[in-house]
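Observations on chain architecture
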Amino acid sequence: MEVSVIGSSQTQLAKTDLAYRELGFCNLKDNSRFSAGRISFSRSLRWKKAGIRFNLKAVQSEVVQTDKPCGSGKTSKSNDVRLFVGLPLDAVSLDCNAVNHAKAIAAGLKALKLLGVEGVELPVWWGIVEKDAMGKYDWSGYLAIAEMVQKLGLKLHVTLCFHASKKPNIPLPKWVSQIGESQPGIFFKDRSGQHYKECLSLAIDNLPVLDGKTPIQVYQSFCESFKSSFSPFMESTITGTSMGLGPDGELRYPSHHELNHKTRGVGEFQCYDENILIHLKQHAEATGNPLWGLGGPHDAPRYDQSPNDNGFFKDGSSWESPYGDFFLSWYSDQLIAHGDRLLSLAASTFNDIGVNIYGKIPLMHSWYKTRSHPSELTAGFYNTEKRNGYEAVAKMFASNSCGMILPGMDMSDAYQPRETLSSPELLLAQIMESCRKHGIMVSGQNSSVSGAPGGFEQIKKNLSGDNVLDLFTYHRMGAYFFSPEHFPSFTEFVRSINQPELHSDDLPDEEEEATESLVKSSQSTMTVQAV
């Protein structure tokens, strides 16, 4: 963990002492060894509820020089990107709406503060806040976390999650699921009749199917309650809000939900619930092709099949026909219209309080090197070799003055399975170019904390150079994040993107070195282990 303390007096040393004592390390004055520029300290914190123990150690710290208070030091491009870390998905308990592992999260927040991270991202779940009845909100657990973040002087980015999650187990609100039992048409349905019950179908956005209210009205009330309840934190602590747009919070159809980790198929179109079929039928009739409105493509592959396992995505086949263009345009337009409704809702709610608004889109990079890009098509992005499907998406984000969240910043082409003809790098570059063209802020994320091979180097590559990145959120805090296998690498990553590049004439002279210093830790581990 790199800890920088800039100063020129005993007052600054006292601040350093206070920082370490607040983190829970031993008192530097009473319990540490401070000599020849070295500090040794350690402390253990037990995460009782989960059987997890944090062991924080820092040794062989040394005093090194820092910039002058005023100078002409140059910094790298990555210094312009704000760095956040995601809090655990289950930071607040589903059962009692209290903070899960509060002491461990508090220690983690303090560690991130000392490391120089600007803020944290907090997922706020519809199924926890409005769990029991429509309009009955309980924000207590999330308010407690906001207070913890505020006291430490960190920033907070809140993600409003209107979907469910299997890991950890966070369902939709009970009252919504109960409605779904008698009205399964509120959920997406695939060709074989399976319903996806982790978010609502986009086709019901404006239908009064939730006890007489539309989903848009319910989301609006939720957002207004959030805005009112968190007003003391707005702008000062809460600087950004992400609007959940679909499965896993992303703007997409749940086209890949039946795939397991061993299969990388093209996914399936999700256009068979009763309400979305009404839209398709009406559109087909309006364009003079009523037979095209009976359902999705009959010759599309199954979830785990490759593009060539059926006819639709083959070169020169259905996707390039007039019918293919009709269906893919309609399918994509439905998704973009849904995103526009939700981002417009968020903009109208939060724009007057100076909070940045974001929405997330997926990085469907499998089969990107084929002509048809089938994984993107089934997810709702009409992007092919012949057509840039992200232009319309970018225009929609720009019209709502919203930033775009892009995952997969740690993924490189070199480590992708050759058989899937994948290219996360090329797809990411294409989307970012559309964002640049339309003046959209981009917030990057990594794919997972377990890490893609060479992930940190790939992230740094994406953070540097001429790009449109404004924010990067590393996902996410938890046992592995603080493990000795991971945390030192994350520490080095933060150090590398925050370290200024100094010219020789910016370096302090010997007298200044005696009074101005920063503490740089050369070894740091935070071990999380099962007790």
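Up top you'll find the structure we're talking about.
Quantities reported herein were computed from a predicted structural model and do not represent experimental measurements.

Mapped onto the elements, His365 comes out in the loop between strand S10 (356–360) and helix H10 (374–379). If sequence neighbours within four positions are ignored, His365 has contacts with Met411, Gln416, Leu421, Ser422, Ser423, Pro424 and Leu427.

Moving on, we come to the side chain of Gln430. If you trace the backbone, Gln430 turns up in helix H12 (residues 424–437). The exposure class of Gln430 is buried, given its relative accessible area of 17%. Separated by 3.0 Å, the side chains of Gln430 and Asn388 make a polar contact. Apart from the residues within four sequence positions on either side, Gln430 is in contact with Tyr368, Asn383, Asn388 and Tyr390.

On to the sheet that holds strand S5 (residues 119–125), then. The parallel closed barrel is built from eight strands, whose spatial order is S4-S5-S6-S9-S10-S11-S12-S13. On average, each strand axis in the sheet is inclined to that of its neighbour by 30°, with strand direction left out of account. Here seven bridges tie S5 to strand S6 (residues 155–161), and the two strands are oriented parallel to one another. In the sheet register, Gly119 faces S6, and the bridge partner there is Lys155.

Our next topic: empty space enclosed by the protein. In total, this model carries three cavities of 30 Å³ or more according to the counting rule given. Roughly 140 Å³ of volume is contained in the largest cavity. Lining of the largest cavity is provided by 19 residues; of these, Leu200, Tyr219, Leu245, Gly246 and His338 occupy positions nearest its centre. Mapped onto the lining of the largest cavity, the elements with two or more residues apiece are strand S8 (195–200), helix H7 (215–229) and helix H9 (322–350). The biggest single contributor to the lining of the largest cavity is H9, with three residues.

Once that is clear, we can look at the pattern of salt bridges. Going through the model one piece at a time under the given rule, you end up with 19 salt bridges. Between Glu320 and Arg371 there is a salt bridge, and its shortest N-O distance comes to 2.9 Å. Taken together, the residues span a long stretch of sequence, with Glu320 in the loop between helix H8 (274–286) and H9 and Arg371 in the loop between S10 and H10 at a distance of 51 residues. Note on Glu320: relative accessible area 27%, which makes it partly exposed. Residue Glu385 is joined to Arg371 by a salt bridge in which the shortest nitrogen-to-oxygen separation is 2.7 Å. Separated by 14 residues along the polypeptide, Glu385 in the loop between H10 and helix H11 (390–399) and Arg371 in the loop between S10 and H10 bring together distant segments of the chain.

Moving on, we get to unusual backbone geometry. Lys167 connects to Pro168 through a cis peptide bond whose omega is -5°. Within the secondary structure layout, Pro168 lies in the loop between S6 and helix H6 (174–182). Looking along the chain, the bond that leaves His475 and enters Arg476 is cis, with omega of -15°. Of note, Arg476 is situated in the loop between strand S13 (469–474) and helix H14 (487–498). Of note, Asp248 is a non-glycine position whose phi angle comes to about 55°, a positive value.

Helix length check: H9, at 29 residues, gives a terminal C-alpha distance of 42 Å against a target of 42 Å (1.5 Å per residue), a fit within 8%. Among the 29 residues that make up H9, 21 are buried, leaving the element largely enclosed by the rest of the structure.

Thresholds, definitions, all that
Sequence order sets the numbering: in each chain, residues are counted from 1 along the sequence as written. Residues qualify for local features only when their pLDDT is at least 70, as the model is predicted, and side-chain atom pairs are given and counted only at 80 or more; totals for whole chains, interfaces and linings, by contrast, use all residues. Working from all heavy atoms in the structure, the side-chain values ignore hydrogens and water. Every helix listed is a DSSP run of H or I at least four residues long, and every strand listed is a run of E at least two residues long, numbered separately from the N terminus. The criterion used for residue contact is that any of the two residues' heavy atoms lie within 4.5 Å. Only protein chains enter the area calculation, which uses a 1.4 Å probe; residues under 20% of their type maximum are buried, those over 50% are exposed, and those in between are partly exposed. Polar contacts, as counted here, are pairs of nitrogen or oxygen atoms within 3.5 Å of one another; within protein the pair requires one atom able to donate a hydrogen and one able to accept it, and residues that are adjacent in sequence qualify only if both atoms are side-chain atoms. Being paired, for any two strands, means DSSP has found at least two bridges between them. To get an axis, fit a line to the C-alpha atoms, keeping to the stretch in contact for a helix; angles then go from 0 to 180 degrees between the N-to-C directions. Method remark: on a 1 Å grid restricted to protein atoms, a set of points is classed as a cavity if a 1.4 Å probe fits but cannot get out and as a pocket if it is open with protein on both sides within 12 Å along at least five of seven lines; lining residues have an atom within 4 Å of a point. Grid points are joined across faces, edges and corners, and a volume is the space filled by probe spheres set on the points. One side-chain nitrogen of Lys or Arg within 4 Å of one carboxyl oxygen of Asp or Glu is enough to make a salt bridge. Multiplying 1.5 Å by the helix residue count minus one yields the expected span of that helix.

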